[in-house]
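Descriptive analysis of the structure
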Amino acid sequence: MTLLTPSAERTAASDAALASLPGFANHEPGAGEFAVLDPSTEERIATLPSFDAAAAVEQLGIADAAGRAWAATTPRHRSDTLRRAYEVLLANRDRLAAVISREMGKTLVEAAGEVQYAGDYVRWYAEELLRPGGNYRENPAGGSTILTRRAPVGLSVLIAPWNFPMAMITRKIAPALAAGCGAVIKPASLTPLTTLLTVELMVEAGVPRELMRVVTTTDSRAFSEAVLADPRTRKISFTGSTGVGSTLMGLAARHVVKSSMELGGNAPLIVFDDADLERAVEGAYAAKMRNGGQSCIAANRILVQDGIANAFVEAFAERMAGVRLGHAIAEGAELGPVVNRAAVENFSRLVGDAVERGAELRAGGSAREGAGYFFEATVLDRVPAGAEIANTEIFGPVAAISRFSGEAEAIAAANDTPFGLAGYVFTENLDRALNVADALETGLVGINNGVPSNPAAPFGGVKQSGLGREGSGEGLEEYQEIRFYNIARRATAEPRPASRTDAS
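Residues numbered from 1 in each chain as written. Predicted model: local features only at pLDDT ≥ 70, side-chain atom pairs only at ≥ 80, totals over all residues. Heavy atoms only, no water.

The full count for this structure, using the stated rule, is 5 aromatic pairs. An angle of 10 degrees between the planes, with centres 5.5 Å apart, marks the rings of Phe312 and Phe316 as stacked. Of this pair, Phe312 and Phe316 both sit in helix H11 (residues 306-321), 4 residues apart, which is roughly one turn of that helix. Using a relative accessible area of 0% as the deciding quantity, one classes Phe312 as buried. Seen from their ring centres, Phe347 and Phe375 are 5.6 Å apart, and the 65 degrees between their planes marks the pair as edge-to-face. Taken as a pair, Phe347 in helix H12 (residues 341-356) and Phe375 in the loop between strand S12 (360-363) and strand S13 (378-381) lie far apart in primary sequence, 28 residues in all. Phe375 shares its class with Phe347; the two are buried. Note that Arg171 overlies the ring of Phe459, its terminal NZ or CZ placed 4.2 Å from the centroid. If you follow Lys235 out to its NZ or CZ, it ends over the ring of Tyr479, 4.9 Å from the centre. (Phe/Tyr/Trp six-rings, centres within 6.5 Å; stacked < 30°, edge-to-face > 60°. Helix = DSSP H or I, 4+ residues; strand = E, 2+ residues; numbered from the N terminus. Buried < 20%, exposed > 50% of the residue type's maximum accessible area, 1.4 Å probe, protein only. Lys NZ or Arg CZ within 6 Å of the ring centre and 35° of its normal.)

Once that is clear, we can look at the side chain of Thr81. In this fold, Thr81 is placed in helix H3 (residues 75-91). Since its relative accessible area comes to 1%, Thr81 is described here as buried.

Read across the open sheet, the 7 strands follow the order S12-S13-S14-S11-S10-S16-S17; overall the sheet is mixed. The open sheet has two free edges, formed respectively by S12 and strand S17 (444-447), since each of these has just one partner strand. Geometrically, the sheet is characterised by an average inter-axis angle of 25 degrees between neighbouring strands, direction not taken into account. Both strand S10 (residues 267-271) and strand S11 (residues 299-305) contribute to a ladder of 5 bridges, which runs parallel. Pairing of Ala267 across the sheet is with Ala299, part of S11. Along the sheet, helix H10 (residues 277-289) contacts S10, S11, strand S14 (398-404) and strand S16 (422-426); its crossing angle with S16, the most-contacted strand, is approximately 165 degrees. Packed onto the sheet, helix H14 (residues 430-439) meets S10, S11, S16 and S17 and runs at close to 160 degrees relative to S17. (Pairing = 2+ DSSP bridges. Axes fitted to C-alpha atoms, helices over the stretch in contact; angles between N-to-C directions. Contact = heavy atoms within 4.5 Å.)

Geometry of a packed helix pair, given as the angle between the helix axes and the separation of the axes. Packing of helix H8 (residues 220-229) against helix H9 (residues 242-253) leaves a shortest axis separation of 9 Å and a crossing angle of 25 degrees. With respect to H9, the element H8 is oriented roughly parallel. The handedness of the crossing between H8 and H9 is right-handed. Here Ser224, Glu225 and Leu228 of H8 come into contact with H9, specifically with Leu248, Leu251 and Ala252. The class makeup of the residues in the contact of H8 with H9 is 4 nonpolar, 1 polar and 1 charged. (Parallel < 35°, antiparallel > 145°, perpendicular 65-115°, else oblique. Left-handed = near helix turned anticlockwise from the far one by under 90°. Nonpolar A, V, L, I, M, F, W, Y, C, P; charged D, E, K, R; others polar.)

Structural data, given as C-alpha cells:
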C-alpha cells in the first residue's frame, strides 16, 4: 500500500499555522491538560488545558451577561458583524485548512472545502437575521389583535463533534449569534484547535469575545452535568451519538432546556436499474467517501437493483481502488487517516466478519501498519443481512453493497433501522424518485445527488437520529422563542356605515 507523504514546504506551512494559534503550547501534558494528536503521524501537535466543571460554570456567567447585551443590539449591527466574520474566516482559508487537516486528518482539499462550507453558514445567518419572523392577526372572536414576534432563547450550550471541526461549530454559533444569544462552546477533545482559531478570527472581525466562551475538556460528562444543571442555560445543541444525545436530553429535561440533537445515522443509498450509471457511481462515491466516510450522512448501506448491480459494482470498485491514500497534507492525497486506532481496528473487524459470512471483497480491505491511522478505501459486495456491517454505522471508508429486486423491497430495507437522518435515491424516473423519497423515513434525501447538505436547507433527522434542524430559517428558530401579545381593542362607538355591497 503506497502512502503519500507531505513535502517539507507543506509540513512547514502547517506547522506555522499551528504555532499561530492563540495560546499555542506543545509539551508533554501535565495534570489538568491533554494532548492533541495528528492522526497522520500519531505525534502530539498541541497541549491544551482540560477545564473542570467549575470553570465551565464560570464561563456560563460571562456568556450569559454578554448575551443579554448582545440581544439589545440592532439586527443590522449583528448582521454586519457576522458578515465581517465571514470575510475574515475566508481570508484565512489556508490557515484554517491546515489546522483542520493536521488535527482531524481530512485532506487539504477537503479541509479548504470545509472552510467555505463553514463560512457559508456565517454568511447565511448574517442575511437571514434581517428577515425576522412574526405576524399581526385579528382575534377571530373580535375585541383584540394578536401580535407575534421572536425573541432570543438565551444562553446556549453548543457541543460539537470531531469530524467537521469548523462547519459544525459555525452551523451552531452563527444562528445563536444571529438570534441574539451568548454561547458556551465545547469542541471535541480530538479536534479543539479549529474551534479556538475560528472563534479567535470571529473576535478579530468584531464579535465580542465574552459572547463565545470555549471550554476545552476531556471530561464531557462533568461538563454536561454542570452546565445543564445551571438555570441560566436555556438551549443546548449537540451533534454526536444517539446514546450521548439521549443522556443530554435527560439532563436538559430537569430545567426544560430547549434542545436540538443531530444524532446517529444509517443512511441507505438506493440505485435503481434506470439510474445513469456514471452519475450513480460518482454520486455514491461522494456520499460514501466525503470526509473519508466519517460523516453522519455517509452512505452506510448501498442497495443496488439486480439489473444494474454488476455494472455498478464493477465501476464503483474500480473508482474506490484508485483512491490515493496519504498524509492529510500530502500533495495528491485523496483519502487521509481516520480518527484513531480504535476506528482502524473496528473497520478490520467489520470487513473480516462480512467476508466470513459470504460477502465478496472487491477493493481494499486492509489497514496500513506503522504510524498513522490509515485504512484503504474498501468495497464489499453481496453483503448478507446478518453481517454486522449491514446493521451498524460504519463511519469510515468502507462501502457495504447489497442487492434487491423490486422497489418495495428496497424501501423496506432502507427503513429497517431505528435511525432516519439521510437517504439517497438514484434513478432517471422522476415519479419514482419522488415517490421513493416520500417513502423513506429520513430527514433529508439526496436525489441523484451525493452531497445534499446546504446552509439554506434544514438539516436534521427523524426517529433516533435526533430532533430540531440546523441551517435555513428553521435553524434560526432553534435559538428563538415565539411570544405573542394580545392587544385589546376598544369597541367602536358608532355602527359601521353601510357599504354599497351591503346595500346590494
